[in-house]
Amino acid sequence: MTITIYHNPECGTSRNTLAMIRNAGVEPTIIEYLKTPPTPEKLVELISAAGLSVREALRQKGTPYADLGLDDPLLGDNELLDAMLKHPILINRPFVETPQGVRLCRPSEVLLDIFPEARNVPFTKEDGEVVIDEQGRRIR
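Peer 1: Got a sec to walk through the environment of Glu 56? Specific residues and values, please.
Peer 2: By the secondary structure assignment, Glu 56 is in the loop between α2 (40–49) and α3 (77–86). For Glu 56, a relative accessible area of 47% gives the class partly exposed. Residues Glu 56 and Leu 104, 48 residues apart in the sequence, show an inter-C-alpha distance of 9.8 Å. With sequence-adjacent residues up to four places away left out, Glu 56 is seen in contact with Gly 51, Asn 92 and Leu 104.

What follows is the structure, given as structure tokens:
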């Protein structure tokens, strides 16, 4: 099975998502998107396949979002995409691609929608929150 995660190792949600994939016995392709940003075409593809608008894929917290005036409702998709490509920290994370689809895995449990194999293995997030219990039941 081929899984790709657009990962930021500094992000707890991204780390939890990666751990959930590995916990199910799969080693994904890891793209540290801050070091290797997606192409413009790939970014548009990820956003579209995840069912998001470009604005929904923008990360605000801990980014130059406000300084760049990206909260301006008059800015179109092209301007927002240009900002995301110029400042990859603006790309929300983690995007995950599996044969079942693409999702922005925020929260990390969204992964279960496109990676059902992870449902069968107990998993606890780094903060102690149980996602899948010992009986294979999804919590929450």
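Peer 1: I'd love a proper account of the side chain of Arg 59, names of residues and values included.
Peer 2: Position of Arg 59 among the secondary structure elements: in the loop between α2 and α3. The buried charged residue Arg 59 lacks any salt bridge partner; its closest oppositely charged side chain belongs to Glu 10, at an N-O distance of 11 Å. Those residues in contact with Arg 59 that sit more than four places away from it in its chain are Tyr 65, Ile 89, Leu 90, Ile 91, Asn 92, Arg 93 and Arg 106.

Peer 1: Could you give an account of the pairing of strand β1 (residues 4–7), with specific residues and numbers?
Peer 2: Alternating residues of β1 divide into Thr 4 and Tyr 6 and Ile 5 and His 7, and every residue in both groups is buried. In this structure, β1 lies alongside strand β2 (residues 29–32), joined through four bridges in parallel fashion. Residue Ile 5 lies in a different strand from β2, and its bridge partner there is Ile 30. On the question of chirality, the crossover connecting β1 to the parallel β2 by way of helix α1 (residues 12–23) is right-handed. Two strands pair when backbone bridges link them, and β1 and strand β3 (residues 95–98) are joined in this way by three bridges, in the antiparallel orientation. Following the sheet pairing, Thr 4 is matched in β3 by Glu 97.

So, how was this worked out
- Residues numbered from 1 in each chain as written.
- Predicted model: local features only at pLDDT ≥ 70, side-chain atom pairs only at ≥ 80, totals over all residues.
- Heavy atoms only, no water.
- Helix = DSSP H or I, 4+ residues; strand = E, 2+ residues; numbered from the N terminus.
- Buried < 20%, exposed > 50% of the residue type's maximum accessible area, 1.4 Å probe, protein only.
- Contact = heavy atoms within 4.5 Å.
- Lys, Arg positive; Asp, Glu negative; His and termini not counted.
- Salt bridge = Lys/Arg side-chain N within 4 Å of Asp/Glu carboxyl O.
- Pairing = 2+ DSSP bridges.
- Right-handed = clockwise from strand over helix to strand, strands pointing away.

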